[in-house]
Amino acid sequence: MRKNKVLALLLIIVMAFALAACNKNGKPDNTEPGASEPVANDRTIVIGKTIRFDDFEITVTELKVVEDLDDKYGLRITYDWKNTGKDDLTPSFCFVFSSYQNNVKLEGAVVSDDVDYDSGLNLIGAGGTVKGAHDAVPIDEINTPLRLELSEMFPLEEMHYTLEIDDLNLYR
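Cut-offs used in this document
- Residues numbered from 1 in each chain as written.
- Predicted model: local features only at pLDDT ≥ 70, side-chain atom pairs only at ≥ 80, totals over all residues.
- Heavy atoms only, no water.
- Salt bridge = Lys/Arg side-chain N within 4 Å of Asp/Glu carboxyl O.
- Buried < 20%, exposed > 50% of the residue type's maximum accessible area, 1.4 Å probe, protein only.
- Pairing = 2+ DSSP bridges.
- Helix = DSSP H or I, 4+ residues; strand = E, 2+ residues; numbered from the N terminus.
- Axes fitted to C-alpha atoms, helices over the stretch in contact; angles between N-to-C directions.
- Polar contact = N/O pair within 3.5 Å; in protein donor to acceptor, adjacent residues only side chain to side chain.
- Contact = heavy atoms within 4.5 Å.
- Core = buried A, V, L, I, M, F, W, Y, C linked by side-chain atoms within 4.5 Å.

1. Structural notes on the pattern of salt bridges
When the charged atoms of two side chains lie near each other, side chains of opposite charge can form a pair. With the rule as written, the count across this model stands at three salt bridges. R52 serves as the salt-bridge partner of E57, at 2.6 Å between the closest nitrogen and oxygen. Judged by relative accessible area, E57 falls into the buried class, the value being 9%. Note on R52: relative accessible area 14%, which makes it buried. In this structure, the salt-bridge partner of E149 is R147, at a minimum N-O distance of 3.2 Å.

2. Focus on the sheet that holds strand β1 (residues 50-52)
Strand order in this open sheet of four strands is β1-β2-β3-β6, and the pairing throughout is antiparallel. In this open sheet, the two strands that pair with only one neighbour each are β1 and β6 (129-139). The sheet shows a mean angle of 35 degrees between the axes of neighbouring strands, direction not considered. In this structure, β1 lies alongside strand β2 (residues 56-67), joined through three bridges in antiparallel fashion. Bridge pairing in β2 places T50 opposite T59.

3. Examining the side chain of R147
Its location among the elements puts R147 in strand β7 (residues 146-152). A distance of 3.2 Å separates polar atoms of two side chains, one belonging to R147 and the other to E149. Not counting chain neighbours up to four residues away, the residues in contact with R147 comprise S98, S99, Y100, N103, T162, L163 and E164.

4. Quick notes on the environment of D116
Mapped onto the fold, D116 is located in the loop between β5 (104-105) and β6. Distance in space between the C-alpha atoms of D116 and D135 is 7.6 Å, their sequence separation being 19 residues. For D116, the side chain forms a polar contact with the main-chain nitrogen of D118, separated by 3.1 Å.

5. A word on the nonpolar core
Considering soluble globular proteins, one finds that nonpolar side chains tend to be buried as a cluster. Grouped together as the largest cluster of nonpolar side chains are 30 residues, with contacts concentrated most on I45, I58, L75, W81, F95, F97 and L148. Elements represented by at least two residues in this core include exactly β2, β3 (73-83), β4 (95-101), β6, β7 and β8 (160-165). When residues of this core are assigned to their parent elements, the largest contribution, five residues, is made by β2. If near-sequence neighbours (up to four positions away) are discounted, W81 is found in contact with F56, E57, I58, L89, P91, C94, F95, I124, G128, T129 and V130.

6. Let's talk about the pairing of β2
Between β1 and β2, which pair antiparallel one after the other, the connecting turn spans three residues. Across 11 bridges, the pairing between β2 and β3 is antiparallel. Paired with E57 across the strands is K82, a residue of β3. The turn joining β2 and β3, which pair antiparallel and follow one another in sequence, is formed by five residues; a positive phi near 60 degrees is taken by D71.

7. Comments concerning the sheet that holds β8
An order of β5-β4-β7-β8 is seen for the four strands of this open sheet, with the pairing classed as antiparallel. The open sheet is flanked by β5 and β8, the only strands paired with a single partner. By the bridge criterion, six bridges tie β4 to β7 in an arrangement that is antiparallel. Residue pairing across strands places Y100 opposite R147, the latter belonging to β7.

8. Regarding the side chain of T144
The topology assignment puts T144 in the loop between β6 and β7. What makes T144 buried here is its relative accessible area of 15%. Apart from the residues within four sequence positions on either side, T144 is in contact with Q101, N102 and L168.

Pasting the structure below:
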């Protein structure tokens, strides 16, 4: 339990340093980059489809239910990320995934051997990419539908991308 508190405190400190890390105007750019690259054109998270923001793009490649160190569940999100801006950026400081069940935002960190946050914490130069990075959100009840939201960490304009998951057991 102490390990979770230390990790949560560390994440809060890291997020505090991220205030100026991403995006100048907060507006997404959903233009089609090319025929071979799928792009999400609405506000729905689709596995394998790229979501574009001004300074970065993110593609969710996999969702998996994992067990954390407290024997609770979390949803691991595997993603690819690209820095499309001019400045060096840290992926995990540019966006945030949130989870909701019964219209209540779930709080807390997922600490699991199956989630490796490290690659999302690297500083990535302009044009650089990260493949197969992880993030995770908590799950309160495995048999209750979950809404996954993606948004910029510090947007100038609130914009959320969502995915409604009716049966989390399909992602075990």
